[in-house]
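The residues making up each chain are set out below.
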Amino acid sequence: MLNTAYERHERPAAAAPTRIAAHADVALYFDCPDLDAAWAHLRDQGVEVAAPVVRDYGMRQLILIDPDGFKLCFQCPAA
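Predicted, not measured: the structure shown is a model, and the values here were computed from it.

Asks: Could you give me a rundown of the overall build of the protein chain, with the residues and numbers involved?
Replies: Across its full length, the protein chain carries two helices and four strands. In sequence order, the protein chain lays out its α and β elements as α-β-α-β-β-β. Projected onto its principal axes, the C-alpha coordinates of the protein chain cover approximately 45 × 25 × 20 Å. For the protein chain, the residues scored as buried account for 22% of the 79 residues in total. Taking contacts inside the protein chain between residues at least 6 apart in sequence as the whole, the part at least 24 apart equals 39%.

Asks: Break down the pairing of strand β4 (residues 71–77) for me, citing the residues and quoting the values.
Replies: Looking at chain direction, strand β1 (residues 27–31) and β4 are connected through five bridges and run parallel. Paired with Y29 across the strands is C73, a residue of β4. As defined by bridge partners, strand β3 (residues 59–65) adjoins β4 across seven bridges and the pair is classed as antiparallel. The residue bridging R60 from the neighbouring strand is C76, located in β4. Hairpin connection of β3 to β4: five residues between the antiparallel strands, including G69 at a positive phi of 90°.

Asks: Any details on the sheet that holds β3? Residues and values, ideally.
Replies: An order of β1-β4-β3-β2 is seen for the four strands of this open sheet, with the pairing classed as mixed. Strands with a single pairing partner mark the edges of an open sheet, and in this sheet they are β1 and β2 (53–54). Contacts between helix α2 (residues 35–44) and the sheet are confined to β3 and β4, with β3 contributing the most and set at about 20° to the helix.

Asks: Can you lay out the pattern of salt bridges for me, pointing to particular residues and giving the numbers?
Replies: According to the stated counting rule, one finds one salt bridge in the structure shown. Salt-bridge contacts for D36 lead to R60; the nearest nitrogen and oxygen are separated by 2.8 Å. Remark: R60 occurs in strand β3 and D36 occurs in helix α2; sequence separation between them is 24 residues. We classify D36 as partly exposed; its relative accessible area is 41%.

Asks: Please give an account of the environment of R60 that cites residues and values.
Replies: Look at R60 and you get partly exposed, because its relative accessible area is 23%. When the C-alpha positions of R60 and C76 are compared, they lie 5.5 Å apart, and in sequence the two are 16 residues distant. For R60, the contacting residues outside a window of four places in its chain are L35, D36, P52, V53, V54, F74, Q75, C76, P77 and A78.

Cut-offs used in this document
- Residues numbered from 1 in each chain as written.
- Predicted model: local features only at pLDDT ≥ 70, side-chain atom pairs only at ≥ 80, totals over all residues.
- Heavy atoms only, no water.
- Helix = DSSP H or I, 4+ residues; strand = E, 2+ residues; numbered from the N terminus.
- Buried < 20%, exposed > 50% of the residue type's maximum accessible area, 1.4 Å probe, protein only.
- Contact = heavy atoms within 4.5 Å.
- Pairing = 2+ DSSP bridges.
- Axes fitted to C-alpha atoms, helices over the stretch in contact; angles between N-to-C directions.
- Salt bridge = Lys/Arg side-chain N within 4 Å of Asp/Glu carboxyl O.

That's the geometry; what it means functionally is another story.
See the structure below:
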């Protein structure tokens, strides 16, 4: 089960570095057939995220770090 680190009304203004330090080695991968739409949606919501890239192993990926320090990777096979 995935939960946020804090309930909405308890979330601090800034993340506690010691709390999110352990999250650096966690990555969640999601199948996302329309990365361009996902990228546009994230940018429209004010999320600073780099454009999708094609990796040498044949996957096109959109990667970001969520507010709790987890790496999120949205991907699909490169065309």
